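Examining the three-dimensional arrangement
Next come the chains, spelled out residue by residue.
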Amino acid sequence: MKTSTLLRASACAFICQWSAYAFALDPLSYAKYDQVKTTALHLDLKADFARKTLAGYADLTLNWVDKSASTLDLDTRELKISKIEAQDAKGAWKPVKYTLDKLDLEKGQALHIALPGQPGKVRIHYQTAPTAPALQWLTPKQTMSGKYPFMFSQSQPIAARSFVPIQDTPAVRFTYTARIQAPEGMRVVMSADNDPKATGKGGWKFTMPQPVPSYLIAIGIGELEARTLGPRTGVYAEPMRIKAAEYELLDTEKMVAAAESLYGPYRWGRYDMLVLPPSFPIGGMENPRLTFLTPTMIAGDRSLVDLVSHELAHSWSGNLVTNASWKHWWLNEGFTTYVTTRILEKMYGEEVATMNLQLEQEEALDSLNSIPKAKQALVTRDPDTSSEHYTDEGLAYPKGAWFLRTLEQRAGRAAFDTFLRSWFDQHAFQSVTTDQFVAFLRAKLLAKNPKIMSDAELDEWLYGPGIPASATRAVSTRLAKLNDTTARWLKGDITTAQLPAKDWNAAEWMKFLNDIDNKADAAKLEELDKAYGLARTGNNEVAFRFYRAAVHAGYRGIRPNLEAFLLKVGRQKFVVPLYGALRANAEDRAWAERVYKAARERYHPETQSSVDKQMNK
């Protein structure tokens, strides 16, 4: 809601003191956290790979906000609940009554627990379903060594309820502890304090002392080795991948220091990473203390470590200051994308950061053609009552960052850095809304210099479609030179052999391939492949863009390499567009369906669902 002129001066002081209950309850959660709120969680679970289940119990420590409330409403999905108990004043556990609603396809099932007397703790005995969307169970065949199975979680946005009965909303934050039992020979890691020297005897034990929302509970179980990268950084990966992961991530400690120099101390203790099997559906997940990473970022030359910078940036934007509901997603991802560029600049210089930023902005503008205008805002004015009112998730990353960069350019970097750091400091370990940010922006930045951004332009950035015409586009001198080279090559003024491509970095290759997509014919794609081995590159971002351009051009000589790529890579960002491109051409459709039939079991359920929709069109 827009703040009136008379209230602006005092808006921040008032709004920043709001509790999580001052705004509408999260429509994607059944939890009534204005009545009772989870403050701590303890998990005691056993992993059964044969049944593909986690079984045991969850203890919830409760803070009763409404002294007249007598029901605890939790989010679940397909959980098999055997018993629920409440702890009395003497510490004894007593059975309590509960009901479980029918399954809602989007939100799962509401669990209603009758709790007269407002006990401080509740214990829920349960077992997950083999089909829990948060958990992927891999067979030994789907791992690198083939010796052990593997399991990992992906809880964002509302899948945590499928493996923990919880108030599954970013508006509720809690600390957690866990004891996890797993088969011998397998290591358990969680988004908590991981001890690389732990043996798992008596169960793998974890503590997360900082309060986190439910979507940041994460677990991985498999054949894993650990490597130390620095005093507070390390990496876990499968034994056959650990050496490559260690090399690729060697600069992580420097990244943490670079981020701290910009936005204040890292507040999570250690920063470790888990490199997952290829079926991990996204690039990375910012689970605190243990970022999950796709193996597709391992290029062998550290050219894709901007992904690590992004997940590290979440330690301030997203994990430290979290969107109160998924309507305000841009407060996580837009801020994080902006911070990522700043970390890259600090680490690798202005030109590298600008190249990545220009590429990001160009791809954002291209994406507008496929996003309905109503979904192009950062946030809608609609009441937070349904996910139908939410905007495009992907656009929130670059558009949110572009908005913040515009504020930085006009306010000056020094003033904006002070503003942004104070935002993180004053809202640390809180969940916030767009209205809260706007009030803070007005009070702390715009009140001192109203010319930075007018009310009309601020509204256009937040609530309008597309990118405002007033936005300044990033321009890299190296990429500017590339534009002329690309145009001359497409016209035939220079040959493939005359391209200065041996000196190009990953960003230049990505831009070049973006710009020739749907413009270069099959002959030119074949020339590129023969000259530079693009179908065999170890850089998956470059490989994806080459395969996409090759499919559009009808260059089918890449089929053996493309098939190998689709069989080993499960990242949605890559496989979904590639299957979409193949399905668009009748000559490629049958081939794509055959490849997908072989590859489908290797993909995460989210990826399967996305490609299934394409195949069924």
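Use the structure listed above.
To start, this report covers the structure provided alongside it. (Residues numbered from 1 in each chain as written. Predicted model: local features only at pLDDT ≥ 70, side-chain atom pairs only at ≥ 80, totals over all residues. Heavy atoms only, no water.)

**Topic: the sheet that holds strand β7 (residues 109–114)**
Ordered by their spatial adjacency, three strands build an open sheet running β3-β7-β6, and the pairing between neighbours is antiparallel. Here the strands that pair on one side only, and so sit at the sheet edges, are β3 (71–76) and β6 (98–100). The mean inter-strand angle of the sheet, taken between neighbouring strand axes irrespective of direction, is 15 degrees. Here β6 pairs with β7 via three bridges, running antiparallel. If you follow L100 over to β7, its bridge partner there is L111. (Pairing = 2+ DSSP bridges. Helix = DSSP H or I, 4+ residues; strand = E, 2+ residues; numbered from the N terminus. Axes fitted to C-alpha atoms, helices over the stretch in contact; angles between N-to-C directions.)

**Things to note about unusual backbone geometry**
Looking along the chain, the bond that leaves Q156 and enters P157 is cis, with omega of 0 degrees. With respect to the element layout, P157 can be found in the loop between β10 (150–153) and β11 (173–181). The phi torsion at E78 lies on the positive side, around 60 degrees, for a residue other than glycine. The topology assignment puts E78 in the loop between β3 and β4 (80–87). Backbone geometry places R302, a non-glycine residue, at a positive phi of 60 degrees. Position of R302 among the secondary structure elements: in the loop between β19 (290–293) and α4 (306–313). Under the relative-accessibility criterion, R302 is labelled partly exposed at 23%. (Buried < 20%, exposed > 50% of the residue type's maximum accessible area, 1.4 Å probe, protein only.)

**Observations concerning the environment of R559**
By the secondary structure assignment, R559 is in helix α15 (residues 559–568). Taking the C-alpha atoms as reference points, R559 and W591, separated by 32 residues in sequence, lie 9.1 Å from one another. At 3.3 Å, the side chain of R559 forms a polar contact with the backbone oxygen of E587. At 2.9 Å, the side chain of R559 forms a polar contact with the side chain of D588. (Polar contact = N/O pair within 3.5 Å; in protein donor to acceptor, adjacent residues only side chain to side chain.)

**Structural notes on the packing of aromatic side chains**
Throughout the structure, instances matching the rule amount to 34 aromatic pairs. Taking 6.0 Å as the distance between ring centres and 65 degrees as the angle between the ring planes, the aromatic pair formed by W329 and Y397 counts as edge-to-face. Within this pair, whereas W329 is found in the loop between β20 (321–323) and α5 (330–348), its partner Y397 is found in helix α7 (residues 393–411), the two being separated by 68 residues in sequence. According to the relative accessible area criterion, W329 is buried, its value standing at 10%. On the numbers, 6.3 Å between centres and 35 degrees between planes, the contact of F335 with W423 is tilted. Remark: W423 occurs in helix α8 (residues 413–426) and F335 occurs in helix α5; sequence separation between them is 88 residues. Owing to a relative accessible area of 1%, F335 belongs among the buried residues under this scheme. Classification of W423 by relative accessible area gives buried; the value is 2%. The ring of Y57 carries the charged tip of R123 above its face, separated from the ring centre by 4.1 Å. (Phe/Tyr/Trp six-rings, centres within 6.5 Å; stacked < 30°, edge-to-face > 60°. Lys NZ or Arg CZ within 6 Å of the ring centre and 35° of its normal.)

**A word on the pattern of salt bridges**
Pairs can form between side chains of opposite charge whenever their charged atoms are close. Applying the stated criterion across every chain yields a total of 38 salt bridges. For R51, the salt bridge is made with D48, and the minimal N-O distance between the two is 2.9 Å. Put simply, D459 and R381 hold a salt bridge, and the shortest N to O gap is 3.3 Å. With D459 in helix α10 (residues 455–463) and R381 in the loop between α6 (350–367) and α7, the pair connects residues that are 78 residues apart, well separated along the chain. The class for D459 is buried, based on a relative accessible area of 18%. On the basis of relative accessibility, which here comes to 56%, the residue R381 falls in the exposed class. One salt-bridge network, in which partners are shared between bridges, spans E363, E541, R545, R571 and K573. (Salt bridge = Lys/Arg side-chain N within 4 Å of Asp/Glu carboxyl O.)

**Overview of the sheet that holds strand β12 (residues 187–190)**
In space, the four strands of this open sheet follow the order β9-β10-β14-β12, with antiparallel pairing throughout. The strands lining the two open edges of the sheet, one partner per strand, are β9 (135–138) and β12. Strand-to-strand twist in this sheet, taken as the mean axis angle between neighbours without regard to direction, amounts to 10 degrees. Here β12 pairs with strand β14 (residues 219–222) via four bridges, running antiparallel. Across the sheet, M190 pairs through a bridge with I219, a residue of β14.

**As for the packing of α8 against helix α9 (residues 434–446)**
At their nearest, the axes of α8 and α9 sit 11 Å apart, and the two run at 135 degrees to each other. One element, α8, and the other, α9, form an angle in the oblique class. Of the two elements, α8 crosses α9, and the hand of that crossing is right-handed. Each of A415, F416, F419, S422, W423 and Q426 in α8 lies in contact with α9, whose residues at this interface are Q436, F437, F440, L441, K444 and L445. Here the residues of the contact of α8 with α9 are counted per class, giving eight nonpolar, three polar and one charged. (Parallel < 35°, antiparallel > 145°, perpendicular 65-115°, else oblique. Left-handed = near helix turned anticlockwise from the far one by under 90°. Contact = heavy atoms within 4.5 Å. Nonpolar A, V, L, I, M, F, W, Y, C, P; charged D, E, K, R; others polar.)

**A closer look at the side chain of D75**
Looking at the secondary structure, you find D75 in strand β3. Residue D75 is classed as buried on the basis of its relative accessible area of 0%. Polar side-chain contacts of D75 include one of 2.6 Å to the side chain of S29. In this structure the side chain of D75 is engaged in a polar contact, spanning 2.8 Å, whose partner is the backbone nitrogen of D168.

**Structural notes on the packing of α4 against α5**
Relative to each other, α4 and α5 sit at 125 degrees, their axes nearing to 8 Å. Relative to α5, α4 is oriented oblique. Pair α4 / α5 crosses with right-handed handedness. In this structure, α4 contributes D306, S309, H310 and A313 to the contact, and α5 contributes E333, T336, T337, V339, T340, I343 and L344. A class-by-class count of the residues in the contact of α4 with α5 yields four nonpolar, five polar and two charged.

**Looking at α9**
With 13 residues, α9 extends just 16 Å between its outermost C-alpha atoms, more than 12% less than the 18 Å of an ideal straight helix rising 1.5 Å per residue. Among the 13 residues of α9, ten are classified as buried, and the element is accordingly described as predominantly covered. Burial in α9 covers these residues: T434, Q436, F437, V438, A439, F440, L441, R442, L445 and L446. (Expected span 1.5 Å × (residues − 1).)

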